[in-house]
Amino acid sequence: MATSVLYQLTIHEAHERLAAGEFTAVELTEAVLERILALDNDVKAYLTLMPEEALAQARAADERRAVGEETPLLGIPLAIKDVLCTKDVPTTCGSRILENFIPPYDSTAVARLKVAGAVILGKTNLDEFAMGSSTENSAFFTTHNPWDLSRVPGGSSGGSAAAVAAGECLGALGTDTGGSVRQPASLCGVVGLKPTYGRVSRYGLVAFASSLDQIGVLTKDITDAAILLEVIAGHDPRDSTSMDVPVPDYNNGLGKGTDLQRVRIGVPKEYFVEGMQPEAETTVCAAVDVLAGLGAEVQEVSLPHTGYALPVYYLIAPAEASANLARYDGVRYGLRVDGGGLIETYKATRGQGFGPEVKRRIMLGTYALSAGYYDAYYLKAQKARTLIKADFDAAFEQVDVIVAPVSPTTAFRIGEKTGDPLQMYLSDVFTLSVNLAGICGLSLPCGFDAGGLPIGLQVMGPALGEERILRVAYAYEQATDWHTRRPPL
Amino acid sequence: MKLSQEEVEHIAELARLALSDEERVLYQEQLSAILEHFERLQELDTDPIPPTASVLPLRSVMRADEPRSPFPREDILANAPAAEGGCFKVPAVLE
């Protein structure tokens, strides 16, 4: 393979060939940087590129390999969603209010990647503060879907998903509060995994909704997702919500065959609704047939409170956001707009520094928490959250994993939904419940619509069920070739 | 659930957000539509249901009380919009 197409490799393919001495981490990193320079004017996946730092990290990885070290991420070029703190590198959250913020420390997930010898290429675009489903809420620019540049890549981790799909990195970190890893993965035709709440430390992740936020991975295939997750997962004393539970060997846990005998798969009837794109339904049903063909026992299950997930999520997440984003006051970091007095300065700073969707959600959350409405909205939503979680607990008594669509439609046109926030919220309708229940879920490619746009299959598992969902997804992947398709760029 | 202009202004005041006249009108319409959609939540009988604030069991997280070095003051102040004498500088709070 000529070095010019090294960007097409998966993480595990690149690792094998780096280990065999076929090329160096510097050559691999140069190939990916060239790819970025060639494409990113059109795709616009990156907010910040770090070519010099990346090449220095690649040289360091080559030196480590030369003295005998051989680990899966050594010298692998990756991208980081710009909501994760990176020491001495701008971390904007896609917001004007943090345009000039340079963290003095690394988030734990990024620090673990660096220890593992990964090469950090840069920071990827996102909806401002990870609030959105298309990257159109970025204060800087919209990322374009590599499969059709007139369409959105999904969001909020749209920059990371587009970068993986376009070969502008070998893998990426994203975050998923209500679907922000799985939905863009689906719309860009890549793998996106949201781990169980508490599986990955949130230290250094700029908070949006603290009871829902979780760092996830975007990759070209399931094996790569297992490799990346294994590195970033695990207990961290600096995040009291990170679980003190051993991290399995996710990659070896995939199994080498495609046999799904005795695996019980549930298909929730509530995830096939009126108004969804017909191909989103037929493609997912065809994928269920493939799983059955591999020996899985497929049965219908019910998650009866699914229809309430949207209001529950869009009350709880904005309520938590309104509290978390109170810290942007123009005092300790970020933008300050002088308004005269202290209170007026707060208001002017926040009025100018936040974009329309962030202000909308702060308003919605403030309202849900305010005197007279707390019981009717916020408390009510928290109680309904208990019912949504109980639905999953009951379903996982009957089945091992649940499969469903990720998104009711394939990638929509840029500008198509920006005028109607409720329509935009509805694009998350199949991903929100996983976050509310705190369980794990992933998206993997399972087909294309008539227009050639990718469709994702969602595989959901119980808390700490990552090995199960990865194994089922891996078996499906081995039986199909959707994951090998690349956009025509 | 229709929000009034006064309610929108009150929420913006609580959230410390300066809004333009256009934003006030827009948010009045959009938040009203969103809240109306959310009315379906009231169909659910949740009286006997306990709320879920976090999916993790409530527990105390303890660690050894060992001294550690904080971030250097200048590193933290480097991100401040205004600093003076090793402190964050803010507009006068008292007249």
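Only a predicted model underlies this, so the values are computations on that prediction, with no experimental measurement involved.

Calculation notes
- Residues numbered from 1 in each chain as written.
- Chains lettered and ligands numbered in written order.
- Predicted model: local features only at pLDDT ≥ 70, side-chain atom pairs only at ≥ 80, totals over all residues.
- Heavy atoms only, no water.
- Helix = DSSP H or I, 4+ residues; strand = E, 2+ residues; numbered from the N terminus.
- Contact = heavy atoms within 4.5 Å.
- Buried < 20%, exposed > 50% of the residue type's maximum accessible area, 1.4 Å probe, protein only.
- Phe/Tyr/Trp six-rings, centres within 6.5 Å; stacked < 30°, edge-to-face > 60°.
- Lys NZ or Arg CZ within 6 Å of the ring centre and 35° of its normal.
- Salt bridge = Lys/Arg side-chain N within 4 Å of Asp/Glu carboxyl O.
- Core = buried A, V, L, I, M, F, W, Y, C linked by side-chain atoms within 4.5 Å.
- Domains from an automatic or database assignment.
- Pairing = 2+ DSSP bridges.

**What about the environment of Gly 155 of chain A?**
Residues and elements named next belong to chain A.
- Positionally, Gly 155 belongs in the loop between β3 (119-124) and α5 (158-165).
- Between the C-alpha atoms of Gly 155 and Gly 132, which are 23 residues apart in sequence, the distance is 5.8 Å.
- Residues in contact with Gly 155, not counting those within four places in the same chain, are Asp 127, Gly 132, Ser 133, Ser 134, Thr 135, Gly 179, Ser 180, Gln 183 and Pro 184.

**Examining α5 of chain A**
- Among the eight residues of α5 of chain A, eight are classified as buried, and the element is accordingly described as predominantly covered.
- Those residues of α5 of chain A not exposed but buried are Gly 158, Gly 159, Ser 160, Ala 161, Ala 162, Ala 163, Val 164 and Ala 165 of chain A.

**Some details on the packing of aromatic side chains**
- Tallied over the full model, the rule gives 17 aromatic pairs over all chains.
- Judged by centre distance (5.4 Å) and plane angle (55°), the rings of Tyr 374 of chain A and Tyr 378 of chain A are tilted. You can see Tyr 374 of chain A and its partner Tyr 378 of chain A sitting in helix α12 (residues 374-398), four residues apart, about one turn around the helix.
- Members of the aromatic cluster, connected to one another through ring pairs, are Phe 101, Phe 129, Tyr 328, Tyr 333 and Phe 354 of chain A.
- Here the guanidinium or amino end of Lys 44 of chain A rests over the ring plane of Phe 141 of chain A, the centre of that ring lying 5.2 Å away.
- Cation over ring: Arg 40 of chain B sits above Tyr 308 of chain A, and NZ or CZ is 5.4 Å from the ring centre.

**Let's talk about the pattern of salt bridges**
- Scanning the model with the defined rule gives 23 salt bridges over all chains in all.
- For Arg 182 of chain A, the salt bridge is made with Asp 176 of chain A, and the minimal N-O distance between the two is 2.9 Å.
- One salt-bridge network, in which partners are shared between bridges, spans Glu 344 and Lys 347 of chain A together with Glu 13 and Arg 16 of chain B.

**Some thoughts on the nonpolar core**
Residues and elements named next belong to chain A.
- Core analysis: the largest hydrophobic core is formed by 173 residues, its most contacted members being Leu 113, Phe 129 and Phe 392.
- Take this core: its biggest share by element is 10 residues, from helix α9 (residues 309-324).
- Both domain 1 (3-262) and domain 2 (307-382) contribute no fewer than three residues apiece to this core.
- Look past the residues within four positions of Phe 392 in its chain and what remains in contact with it is Tyr 271, Leu 303, Ile 402, Ser 433, Ala 437, Ile 439 and Met 460.
- Val 152, Leu 187, Ala 411 and Met 424 belong to the second largest nonpolar core, which has five residues in total.

**What to know about the pairing of strand β4 (residues 171-175) of chain A**
All names here are of chain A.
- Most of β4 sits inside the fold, with five of its five residues counted as buried.
- Burial along β4 is two-sided: Gly 171, Leu 173 and Thr 175 and Ala 172 and Gly 174, pointing in opposite directions, are all buried.
- As paired elements, β4 and strand β6 (residues 215-219) share five bridges and run antiparallel to each other. Counted as the bridge partner of Gly 171 is Thr 219 from β6.

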